[in-house]
Amino acid sequence: MLKASGWEIGQELIAINMGDGILLKPKKPFAEKTLNDVAGCLKYQGSPKSLEYMNDAICQGFTKKASLQVCGYPSFVTSGKEK
């Protein structure tokens, strides 16, 4: 039943009485929130970042092998190590 439903061992479930049976649903780890509930954590105090800066940061976030290709570098990585 775990495999068929996609549940994990130790996952909390909610049992709902449906009258003719019981419905089991996975318990969400957090209560639902609106954007207004969580928007305060998005505040940024620094200067605005350029699109170029953000694109560079995204490229740096890839694995070395993928970022070399995505950012326009030649694909010379063969063993997972930079030459």
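Further up the page is the structure itself.
Described in the following lines is the structure provided in the data block. (Residues numbered from 1 in each chain as written. Predicted model: local features only at pLDDT ≥ 70, side-chain atom pairs only at ≥ 80, totals over all residues. Heavy atoms only, no water.)

Thoughts on the overall build of the chain
Item 1. Each helix and strand counted, the chain has 4 helices and 2 strands in total.
Item 2. Scanning the chain from its N terminus toward the C terminus, one meets helices and strands in the order α-β-β-α-α-α.
Item 3. Burial statistics for the chain: of 83 residues in total, 6% are counted as buried.
Item 4. Total accessible area on the chain is roughly 7,900 Å²; 58% of this is exposed by carbon and sulfur atoms. (Helix = DSSP H or I, 4+ residues; strand = E, 2+ residues; numbered from the N terminus. Buried < 20%, exposed > 50% of the residue type's maximum accessible area, 1.4 Å probe, protein only. Areas by Shrake-Rupley, 256 points an atom, 1.4 Å probe, with all protein chains shown as cover.)

Examining the pairing of strand β2 (residues 22–26)
Item 1. As defined by bridge partners, strand β1 (residues 13–17) adjoins β2 across 5 bridges and the pair is classed as antiparallel. Following the sheet pairing, Asn17 is matched in β2 by Ile22.
Item 2. As consecutive antiparallel partners, β1 and β2 are separated by 4 residues, and within that stretch Gly19 has a phi angle of approximately 90°, a positive value. (Pairing = 2+ DSSP bridges.)

Observations regarding a nonpolar patch on the surface
Item 1. Residues Met1, Leu13, Ile22 and Leu24 make up a contiguous nonpolar surface patch of about 420 Å² in total accessible area.
Item 2. Accessibility expressed as a relative area gives 62% for Ile22, which makes it exposed. (Patch = residues over 30% accessible without salt bridge, like charges linked within 9 Å, V, L, I, M, F, W, Y side chains within 5 Å. Salt bridge = Lys/Arg side-chain N within 4 Å of Asp/Glu carboxyl O.)

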